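Understanding the architecture of this molecule
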Amino acid sequence: MKALCWMAKHEVGLRNVKEPQILNPHDAIIKVTTAAICGSDLHLYNGTIPTMEKGDILGHETMGEVVAVGKQVYKIKLGDHIVIPFDIACGSCHHCEQEEYSACDNTNPNSILADTLYGHSGAALFGYSHMYGGYAGGQAEYLRVPFVDTNSIVIPQGIPDEKVLFLSDILPTGYMAAENCNIKPGDTVAVWGAGPVAQMAIRCAYMLGADRVIAIDHFDKRLEMAERSHAHTINFESAENVLDELKYLTGGRGPDSCIDAVGMEAHGHSITATLDRAKMAVGLATDRPDALRQAIQACKKGGTVSIPGVYGGVLDKIPFGAAFGKGLTFKMGQTHTQKYMPLLLNKIMKDEIDPSFVITHRIDLEKAPQAYQQFNDEKNDCIKVIINMH
Amino acid sequence: MTFSTTSTAQPKVAQRLQNPEKIHRSITINKSPAEIYTFFRNFANLPYFMKDLIALTVNSETMSHWVVQLEHGPKVEWNAEITEDKYAETISWRTVGKTEVEQAGTIWFSKAPRDLGTVVRLHMAYTIPAGKLGKFATHLVGEDPDSIMLINLSRLKAYLETGEIPTTKGQPSGRDEDLAPEMKH
């Protein structure tokens, strides 16, 4: 089968590989119909997530048709059309019982690596480094899905892939980011970044009762998309001072909650951002957290900073004094995707949200290696890429 | 309840080993102490989850023979005797006769707080003759005895909680060694 493989930093290859087999009794194999490239795949593309190996199959936003099931699969049937969450949960450990699926104890065969780096290992992820389990990803014609009864949602017939594919990651991620803000009537939510997760977070924040959402980015087309979702926007390149602007817009109080939907590779031209790039280049730092710094500075006293953006390592010059002084609450982490999928599918079916509005590029598999480069280098025009797999 | 990790909590036999290496690890498993004890006490179950354990023969109620093939090291064998056995509480064992890896160990099963299941504690003491030490790839992450036992506890937990041990062995990749023959360059 054809699969997109990580070959080296800035090199994604389309290779002919073996088809996946059932390896464990709770596995299923799907024939992938549609997959997407995620903003977090660009962290892999740029080589900022450790423990990637040449030949790893990429992809964690995937859906398809079930073509084989293991001996102990009870819920999912051959022929079911399913969307797969990006994180792999066992469904039976204590964390899974609490619906904390991304904290699953059992699915990462390389948990000792994550134990060493992070203290504890969370759930494994599809196509996202060996520290996160080393599972082959879903930007391939077929995918093995472990614990498929837990890691899937069945899509009713007749729904186009585009409308439901983002249940795999960015829609639940945007929703959990907004839910983590504990939004109350009258609240203002500021969102750093206007990429796909931010676009979902903006709509979900309104859905959860925000009075106003402010999006901060420097790509005009992304900000225009945010405006179409009724966000107020700030272009951080043309604004004189983002923090002053946010204070002005909120009567001096600051946003009630701040969402960092950028993560470890923030752009920006502040002194700290320039230092970050220099330190990352020589290996002195692993992440560029400039969006997070600004979110902490901007947030109102007693407010919440919600972080769906991905961080991988050790962050430098985080204004922890500001966070402490203002008594901020931090909420973050990989999304408990399985918890949110049924709720959000229901909202899609009732036309309360159609997440396909973020799609700017629809391509065939052969064009996907170039699409990685385009998504990375042309962030203004290229917001979300989906790949037709069959 | 206090957990002692000093040498006084070591199995008595371990004190007879000269300068043994020691392992203290614990894990919480979402099953009852009786369920975990019953599974573990049937040594025929151990190869289902123990890394590198390629053969285990139960010879009597208390005696068993173990064969371990280390992933990047030698094959080692030993005879083990159960020295203490309390239902749903604890099992102790030690090696008997000549072996390259002399060892003794105890595993305890105690109820965890709230509905968290069972805390499983493992203490082991072992000696490897100086000349043999070099044969063990103890410098590789995850290949020293302490890491192997930590991995074994994780695999025991996964097997008991889910009925399988998570794996990626046998999955496709774009690496040359994983490609089907006709696909190789």
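Just above sits the structure.
Moving on: the overall build of chain A. Within chain A, the secondary structure is distributed over 13 helices and 18 strands. Its C-alpha atoms give chain A a radius of gyration of 20 Å, within 12% of the compact-globule value 21 Å for 390 residues. For chain A, the spread of C-alpha atoms along the principal axes amounts to about 60 × 50 × 40 Å. Taking all 390 residues of chain A together, the buried fraction comes to 60%.

Bringing the sheet that holds strand β16 (residues 329-332) of chain A into the picture now. All names here are of chain A. Sheet architecture is open: 6 strands sit in the order β13-β12-β11-β14-β15-β16, paired in parallel fashion. What marks the edges here is a single partner per strand, and that holds for β13 (232-235) and β16. Here the average twist between neighbouring strands, direction ignored, is 20 degrees. Examined bridge by bridge, strand β12 (residues 212-217) and β13 share 4 bridges and lie parallel to one another. Residue pairing across strands places D217 opposite N235, the latter belonging to β13. Sheet contacts for helix α7 (residues 220-228): β12 and β13; angle to β13, the most-contacted strand, approximately 165 degrees.

Residues and elements named next belong to chain B. In total, this model carries 12 aromatic pairs over all chains according to the counting rule given. Consider the rings of Y37 and Y87, whose centres lie 5.2 Å apart with planes at 75 degrees: the pair is edge-to-face. Placement of Y37 in helix α1 (residues 33-41) and of Y87 in the loop between β4 (75-86) and β5 (90-96) is noted, with a sequence separation of 50 residues between them. Pairing F39 with Y159 gives two aromatic rings, centres 5.6 Å apart and planes at 35 degrees, and the pair type is tilted. Placement of F39 in helix α1 and of Y159 in helix α4 (residues 145-162) is noted, with a sequence separation of 120 residues between them. What makes Y159 partly exposed here is its relative accessible area of 23%.

Our next topic: the sheet that holds strand β6 (residues 102-111) of chain B. Residues and elements named next belong to chain B. The strand order across the open sheet formed by 7 strands is β1-β7-β6-β5-β4-β3-β2, and the pairing between neighbours is antiparallel. Every other strand in the sheet has two partners, leaving β1 (21-29) and β2 (53-58) as the edge strands with one partner each. Along the sheet, successive strands turn relative to each other by an average axial angle of 20 degrees, direction set aside. As paired strands, β5 and β6 are joined by 5 bridges and run antiparallel to one another. Bridged to I91 within β6 is I107. The strands that α4 touches are β1 and β7 (118-127); relative to β1, the one it contacts most, it runs at about 20 degrees.

Of the residues lining the interface, 31 residues belong to chain B; the matching set on chain A comes to 37 residues. Both faces combined, the contact of chain B with chain A buries some 2700 Å², and carbon together with sulfur accounts for 53% of it. Taken as a group, E164, P172 and R175 of chain B account for 22% of the area that chain B buries against chain A, more than any other trio of residues on that side. There are 3 salt bridges connecting chain B and chain A. Taking the shortest distance from any N to any O, the salt bridge between R175 of chain B and D56 of chain A comes out at 2.7 Å. At the boundary of chain B and chain A, one finds 16 residue pairs in polar contact (both at pLDDT 80 or more).

Residue and element names in this part refer to chain A. Examined against the element boundaries, S102 turns out to sit in the loop between α2 (94-97) and α3 (111-118). By relative accessible area, S102 is classed as buried at 12%. In this structure S102 touches D87, G122, A123, Q334, T335 and H336, once residues within four positions along its chain are discounted.

Criteria and cut-off values
Residues numbered from 1 in each chain as written. Chains lettered and ligands numbered in written order. Predicted model: local features only at pLDDT ≥ 70, side-chain atom pairs only at ≥ 80, totals over all residues. Heavy atoms only, no water. Helix = DSSP H or I, 4+ residues; strand = E, 2+ residues; numbered from the N terminus. Rg over C-alpha atoms; globule rule 2.2 N^0.38 Å. Buried < 20%, exposed > 50% of the residue type's maximum accessible area, 1.4 Å probe, protein only. Pairing = 2+ DSSP bridges. Axes fitted to C-alpha atoms, helices over the stretch in contact; angles between N-to-C directions. Contact = heavy atoms within 4.5 Å. Phe/Tyr/Trp six-rings, centres within 6.5 Å; stacked < 30°, edge-to-face > 60°. Buried area = accessible area lost by both parts, 1.4 Å probe. Salt bridge = Lys/Arg side-chain N within 4 Å of Asp/Glu carboxyl O. Polar contact = N/O pair within 3.5 Å; in protein donor to acceptor, adjacent residues only side chain to side chain.

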